[in-house]
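Listed below are the residues making up each chain.
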Protein chains: 4
Amino acid sequence: MKEYKAQPKWKSKLHEVIYEADTPAGKLFDIFLFVLIIFSVILVMLESIKGFDEKHHATLFTLEWIITILFSLEYIARLISIKKPWKYALSFYGIIDFLSTIPLYLSYILAGSQVLLAVRAFRLLRIFRILKLVKFIGEASQLQAALKASRTKIVVFIYVVLILSVILGTLMYIVEGDEAGFTSIPRSIYWTIVTLTTVGYGDIAPQSNLGQFLATVIMILGYGIIAVPTGIVTAEFTRSKKDGVKDDEGHMVHVNTQACPNCSAEGHRDDATHCYNCGHPL
Amino acid sequence: MKEYKAQPKWKSKLHEVIYEADTPAGKLFDIFLFVLIIFSVILVMLESIKGFDEKHHATLFTLEWIITILFSLEYIARLISIKKPWKYALSFYGIIDFLSTIPLYLSYILAGSQVLLAVRAFRLLRIFRILKLVKFIGEASQLQAALKASRTKIVVFIYVVLILSVILGTLMYIVEGDEAGFTSIPRSIYWTIVTLTTVGYGDIAPQSNLGQFLATVIMILGYGIIAVPTGIVTAEFTRSKKDGVKDDEGHMVHVNTQACPNCSAEGHRDDATHCYNCGHPL
Amino acid sequence: MKEYKAQPKWKSKLHEVIYEADTPAGKLFDIFLFVLIIFSVILVMLESIKGFDEKHHATLFTLEWIITILFSLEYIARLISIKKPWKYALSFYGIIDFLSTIPLYLSYILAGSQVLLAVRAFRLLRIFRILKLVKFIGEASQLQAALKASRTKIVVFIYVVLILSVILGTLMYIVEGDEAGFTSIPRSIYWTIVTLTTVGYGDIAPQSNLGQFLATVIMILGYGIIAVPTGIVTAEFTRSKKDGVKDDEGHMVHVNTQACPNCSAEGHRDDATHCYNCGHPL
Amino acid sequence: MKEYKAQPKWKSKLHEVIYEADTPAGKLFDIFLFVLIIFSVILVMLESIKGFDEKHHATLFTLEWIITILFSLEYIARLISIKKPWKYALSFYGIIDFLSTIPLYLSYILAGSQVLLAVRAFRLLRIFRILKLVKFIGEASQLQAALKASRTKIVVFIYVVLILSVILGTLMYIVEGDEAGFTSIPRSIYWTIVTLTTVGYGDIAPQSNLGQFLATVIMILGYGIIAVPTGIVTAEFTRSKKDGVKDDEGHMVHVNTQACPNCSAEGHRDDATHCYNCGHPL
């Protein structure tokens, strides 16, 4: 067994509050954070409504600053309370947290940095940790597993659909021409995908008889094609019988929401005393 | 065994007619009620057609009063013929029945109470009782069971789709801007969901090259995404082999449409002599 | 064993040619008939194109008469060559054949009888007999069996979807009103079904914020709902393992396209000597 | 064992580079070719954008000539380095390669030969060979096998859908007439397929009450119909358990990307010493 340096007590306390949801303080922190995230997303939406923004610009701007400061504090707290800050900073959630914090700072340097505001919505994924419902995590990871298993098939499928779209789009461009809105091959490909996926906006629609006939063929094709990803995913779902994490003998194992203080790996067994990832005592 | 107070004979007779569909009188009552419900729904539709309402306003208004009075009488009869009126009044059907009755009364007090007219359509669900076809009830409860089993997965799925819609909607708002109809982030999110679900009205459609490219990505994504709920439900259907209600040893049990006179629970076994819910003799 | 009256030789010869596809003459008759049916369907289409009809009206009219006479002769031949003409006349194909023949005659008596021309397309279903490919018949009957088995579930499902459409349509009518195209409840229900089924024409689209929010909810709902029929049919397909007609021991049985001269039942085993339906010798 | 004529050394060297992806030179050749194919497809797209083509016509024309010459050289090299050139020339890839090469030559003789440019996109399918990932080939062939197994069912299904479209299209033509855009039966059939496949452009939409009611029925029908191909393909996917190529005892067999120098058959086992197709030593 390896020895680990003891952390200062306030650090381990902070880690417990921020990274775990098992203690009352940790729970409260998570719920407060989630409400703040939802609030920040709604704020971004309100700012985009012209009439509303003109009336309440000062208020919205102040609230945006408050949220940015709270997010900054949270980010710093996360960095100092963990043993390996870079591991967190480079993790999925670490990057999301960082990008959710900086748009307002950046807006003084870079125009168009508001694109990063869209990233904030990713933080809503934290709900799964906050809900502390292993069932939900189990369902989510089951969805994930099924999608992962069918990943290669879906990549092959999408690649073939794209090739097909290029071919059919080029044909429609030649058949229909400018009047019907097929002004270039890329635009025709856009129309082909709109049709194949059965979205069908109608902003571009074939006018000639030959074009409408070809469109009909593409739609019937789309019919068959839409069956393929469904078939892939369904077969995967039917195959995967596991309803959670199982041990070697197939028994269900209960996992909790505790995160390793060393490497922040999650999904430890309830009876675990060491992190399954780095061996650090929990 | 508990003792129950004997009900007056007219009460138990009324209960038989209203709550059960096994006797000729009960059958007749149910069929008459169902025709009345359909008629009331059609009446609401006709009132909404301006030209028709202007011509026949007096007739429609009289018919609406007749239906309201008949529904009121039925509701009172249901209340007095059952032992525990509050249990019925607070049940799903009890609330629906009440809300279907009151809109005309309310219209004298509250404007906009016609919203409640929409509730009437729920009463059409009674058909399953009237049809007295255990097969239909079995099929419906099978559908229900499969949907219930996949509930958590579908909630997780819809939550993730909503987060995705917020992110993609914000991106499209930044990329497209006002000219193409993406006037605010909420409206862009509306467009994103219209596209992801492959509905595609075309009232808002991307105009720029980058916007159309992003739309293409969203559509391909929607392709994969639409496969997920289908996969979930299908896997559930395939898993559930039971074609009705089974006893402990897996044998099929026949249920009838009789309702308990005490608690109005339904789906009793054909050979049942006491309510499975409250123990009242049937 | 029952005795059967011997048919005149020309009658049984005619029966063989018309009802069976095993002899060269029968095959030729079927192929000629199928070409004629396709031609008759194309003729109906051409008549509907104004510019084309104006130019070639006389030609089209003459061709229509030729086809009508040929169809009439075929119908009479079918009636006289079979032992029980009424059984044929009242069968699915018998009614289709009759309705395909009469539109031109009727057009002298009744206006609007051209509706019956649409019926002609049903005759195209004969291809399955002509192809003489038992495999195709097997596949078709497998499709049919799977759809039949899921019939009750689908009826329950469609009924519930219709109730939902009435409720949601009424809500949208109240929320949106006339300006956005929701002029009456029936029209709102039409829009709701257009949205729920993800067709999305865009001829009617919500304008208000509340209406667009409600539309979003309906679309997400439609997402879940579209999974249900797919789940039902898929589960049925997965369950049905049989790839054709099997005997009691589960062995595959080969069927041919011969039709019984007495009752015109089809799908007899290759080694059959009597009709499985009426016992008539084959 | 048959004797084979020894090929000149430069020929077998060329064959190795062009047809195989196991050696560094072969790999490099394939990657270079793939980049060239992508570039050629992008070039066709750019030529179709009017504004861009006008500005850079000379450059695009020169690049098109360079690609045509490189493709021509490759095609000739493929022909001379293989023992049976006609087998390659008449194979799927051989025809694609030829058609991708000739459009520019043809444009001097034939107008409209640019249709062949669409064929180039097919060459993108080569990626599966270049990726050298047996896993991808396995997934692709699994997709192919599932689609092949459900081919007959899908043909039957599409045929029935087409008949239904003709019938429903004719009905809608009679019901709606010219004002709503249903100007002829072929156009009505186009609309019916647009609706049945849930594409729903909205360029043609029913206006009358009866037409909208019929449209509703068609949409509900489309709901059920879209479930069928999905059900077919899913059942096929669930059935096929094999995740690659297996030997007689069900063990997985590893295949490589080497092509036979004699007949260019692919998918040889790693331990193969002779072509499984023609017996030529590898």
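Rules used throughout
- Residues numbered from 1 in each chain as written.
- Chains lettered and ligands numbered in written order.
- Predicted model: local features only at pLDDT ≥ 70, side-chain atom pairs only at ≥ 80, totals over all residues.
- Heavy atoms only, no water.
- UniProt positions renumbered as here; feature names shortened; annotations may be inferred.
- Helix = DSSP H or I, 4+ residues; strand = E, 2+ residues; numbered from the N terminus.
- Buried < 20%, exposed > 50% of the residue type's maximum accessible area, 1.4 Å probe, protein only.
- Areas by Shrake-Rupley, 256 points an atom, 1.4 Å probe, with all protein chains shown as cover.
- Least-squares fit on C-alpha atoms with pLDDT ≥ 70 in both.
- Contact = heavy atoms within 4.5 Å.
- Axes fitted to C-alpha atoms, helices over the stretch in contact; angles between N-to-C directions.
- Parallel < 35°, antiparallel > 145°, perpendicular 65-115°, else oblique.
- Left-handed = near helix turned anticlockwise from the far one by under 90°.
- Patch = residues over 30% accessible without salt bridge, like charges linked within 9 Å, V, L, I, M, F, W, Y side chains within 5 Å.
- Salt bridge = Lys/Arg side-chain N within 4 Å of Asp/Glu carboxyl O.
- Expected span 1.5 Å × (residues − 1).
- Buried area = accessible area lost by both parts, 1.4 Å probe.
- Polar contact = N/O pair within 3.5 Å; in protein donor to acceptor, adjacent residues only side chain to side chain.
- Nonpolar A, V, L, I, M, F, W, Y, C, P; charged D, E, K, R; others polar.
- Phe/Tyr/Trp six-rings, centres within 6.5 Å; stacked < 30°, edge-to-face > 60°.

In the nomenclature of an unreviewed UniProt entry, chain A is known as Ion transporter of Flagellimonas aequoris. UniProt's Subcellular location (unreviewed entry) comment on chain A is quoted here verbatim: "Membrane".

A.B. asks: How would you explain the overall build of chain A if you had to name every residue and give the values?
C.D. replies: Helix and strand content of chain A: twelve helices and zero strands. In sequence order, chain A lays out its α and β elements as α-α-α-α-α-α-α-α-α-α-α-α. Burial status across chain A gives 50% buried among its 282 residues. With the model as given, the accessible surface of chain A reaches about 13,500 Å², and the carbon-plus-sulfur share is 68%.

A.B. asks: Kindly report on the UniProt feature "transmembrane region" (unreviewed entry) in chain A, identifying the contributing residues and their values.
C.D. replies: Residues and elements named next belong to chain A. In the UniProt entry, the feature "transmembrane region" (unreviewed entry) is given for residues 28-46, 58-82, 102-122, 154-175 and 213-233. Between the C-alpha atoms that bound residues 58-82 there is a distance of 37 Å. The span itself is 96% helix and 0% strand. Summarising residues 213-233: 100% helix, 0% strand, and an end-to-end C-alpha distance of 32 Å.

A.B. asks: Report on the relation of the copies chain B and chain A, specifying residues and quantitative values.
C.D. replies: Rotating chain B by 91° about the axis while translating it 0.0 Å along that axis superimposes it on chain A, leaving an RMSD of 0.2 Å. Each copy turns onto its partner about a four-fold axis. Looking at chain B, a mere 17% of its interface residues are interface residues in chain A too, so the copies touch through different faces.

A.B. asks: Please give an account of the packing of helix H10 (residues 151-176) of chain B against helix H11 (residues 185-196) of chain B that cites residues and values.
C.D. replies: Residue and element names in this part refer to chain B. Between H10 and H11, the least distance of the axes is 8 Å, while the angle of their chain directions is 120°. One element, H10, and the other, H11, form an angle in the oblique class. In this structure, the crossing between H10 and H11 has a hand that is right-handed. Along the contact surface, H10 presents Val161, Leu162, Ser165, Val166, Leu168, Gly169, Thr170, Met172 and Tyr173, while H11 presents Ile185, Ser188, Ile189, Trp191, Thr192, Ile193 and Leu196.

A.B. asks: Give me a nonpolar patch on the surface: which residues, what numbers.
C.D. replies: Residues and elements named next belong to chain A. Together, Phe32, Ile66, Ile69, Leu70, Leu73 and Tyr105 line one region of the surface with nonpolar side chains, adding up to about 550 Å² of accessible area. With four residues, the top contributor of residues to the nonpolar patch is helix H4 (residues 57-81). As for its position among the elements, Tyr105 is in helix H7 (residues 103-106). A relative accessible area of 34% means that Tyr105 is categorised as partly exposed.

A.B. asks: I'd love a proper account of helix H2 (residues 24-48) of chain B, names of residues and values included.
C.D. replies: Taking 1.5 Å per residue as the helical rise, H2 of chain B with its 25 residues ought to reach 36 Å, and the 37 Å between its terminal C-alpha atoms agrees with that figure. Within the sequence span of H2 of chain B, burial applies to Gly26, Asp30, Leu33, Phe34, Leu36, Ile37, Ser40, Val41, Leu43, Val44, Met45 and Ser48 of chain B.

A.B. asks: Give a description of unusual backbone geometry that names residues and reports values.
C.D. replies: A positive phi angle, near 60°, is found at Thr198 of chain A, a position not held by glycine. Within the fold, Thr198 of chain A resides in the loop between helix H11 (185-196) and helix H12 (209-239).

A.B. asks: Give me the lowdown on the interface of chain B and chain A, citing residues and values where you can.
C.D. replies: With 47 residues of chain B at the contact, the number on the chain A side is 48 residues. Carbon and sulfur atoms make up 73% of the surface buried where chain B meets chain A, a total of about 4,100 Å² over both sides. The largest share of the area that chain B buries against chain A comes from Lys153, Met219 and Tyr223 of chain B, three residues that together contribute 17% of it. Seen at the junction of chain B and chain A, the total is zero salt bridges. One can count seven residue pairs in polar contact (both at pLDDT 80 or more) joining chain B with chain A. Of all the secondary-structure elements, those providing two or more residues to the side of chain B that touches chain A are H10, H11 and helix H12 (209-239) of chain B. Of the residues forming the side of chain B that touches chain A, the biggest block, 16 residues, is contributed by H12 of chain B. Of the residues belonging to the side of chain B that touches chain A, the class tally is 28 nonpolar, 16 polar and three charged.

A.B. asks: How would you summarise the environment of Arg120 of chain D if you had to cite specific residues and measurements?
C.D. replies: Considering the arrangement of structural elements, one finds Arg120 of chain D in the loop between helix H7 (103-106) and helix H8 (127-130). Among all residues touching Arg120 of chain D, those that are not within four sequence positions of it are Ile37, Ser40, Val41, Val44, Glu64, Ile67, Thr68, Phe71 and Ser100 of chain D.

A.B. asks: Run through the packing of helix H2 (residues 24-48) of chain D against helix H4 (residues 57-81) of chain D, naming residues and quoting values.
C.D. replies: Residue and element names in this part refer to chain D. Axis separation between H2 and H4 bottoms out at 10 Å; the angle between their running directions is 140°. Crossing angle aside, the handedness with which H2 passes H4 is left-handed. Of the residues in H4, those touching H2 at Phe29, Leu33, Leu36, Ile37, Phe39, Ser40, Leu43, Leu46 and Glu47 are Leu60, Leu63, Glu64, Ile67, Leu70, Phe71, Glu74 and Arg78.

A.B. asks: Any details on the pattern of salt bridges? Residues and values, ideally.
C.D. replies: Residue and element names in this part refer to chain A. Per the stated rule, a full pass over the model turns up eight salt bridges over all chains. Across the pair Arg78 and Glu74 runs a salt bridge whose closest N-O atoms are separated by 2.7 Å. Residue Arg78 and its partner Glu74 are both found in helix H4; the two are separated by four residues, about one turn of the helix. Neither residue differs from the other here; Arg78 and Glu74 are each classed as buried. Ionic contacts of the salt-bridge type, sharing partners, join the residues Glu74, Arg78 and Asp97 into one network.

A.B. asks: Describe the packing of aromatic side chains, and please don't skip the residues or the numbers.
C.D. replies: Both the distance between ring centres and the angle between the ring planes are used here to describe each pair of aromatic rings. Summed over the entire model, instances satisfying the criterion amount to 28 aromatic pairs over all chains. Measuring from ring centre to ring centre gives 6.0 Å for Tyr75 of chain B and Tyr88 of chain B, while their planes differ by 45°; the resulting arrangement is tilted. One end of the pair, Tyr75 of chain B, is in helix H4 (residues 57-81); the other, Tyr88 of chain B, is in helix H5 (residues 85-89), with 13 residues separating them in the sequence. Grouping residues by exposure puts Tyr75 of chain B and Tyr88 of chain B together as buried. With a centroid separation of 5.1 Å and an interplanar angle of 70°, the aromatic rings of Phe182 of chain C and Trp191 of chain C are classed as edge-to-face. Taken individually, Phe182 of chain C and Trp191 of chain C each receive the classification buried, so the pair is uniform in this respect.

A.B. asks: Could you give an account of the side chain of Thr192 of chain B, naming the residues involved and the relevant values?
C.D. replies: All names here are of chain B. Along the chain, the position of Thr192 falls in helix H11. For Thr192, the side chain forms a polar contact with the main-chain nitrogen of Gly169, separated by 3.5 Å. With sequence-adjacent residues up to four places away left out, Thr192 is seen in contact with Ser165, Leu168, Gly169 and Ile218.

A.B. asks: Describe H4 of chain B, naming the residues involved and giving the relevant values.
C.D. replies: Residues and elements named next belong to chain B. End to end, H4 covers 36 Å across 25 residues, agreeing with the expected 36 Å (1.5 Å per residue, within 8%). When we look at burial in H4, the residues that qualify are Leu60, Glu64, Ile67, Thr68, Phe71, Ser72, Glu74, Tyr75, Ala77, Arg78 and Ser81. Against the buried residues of H4 lie helix H1 (9-19), H2, helix H3 (50-55), H5, helix H6 (92-101) and helix H7 (103-106).

A.B. asks: Describe in detail the environment of Ile189 of chain D, supporting the description with residues and values.
C.D. replies: Residue position: Ile189 of chain D is located in helix H11 (residues 185-196). Take Ile189 of chain D: its relative accessible area is 11%, and that puts it in the buried class. Sequence separation between Ile189 of chain D and Tyr19 of chain D is 170 residues; the distance between their C-alpha atoms is 47 Å. Those residues in contact with Ile189 of chain D, other than ones at most four positions away along the chain, are Met45 of chain C together with Ser165, Val166 and Gly169 of chain D.

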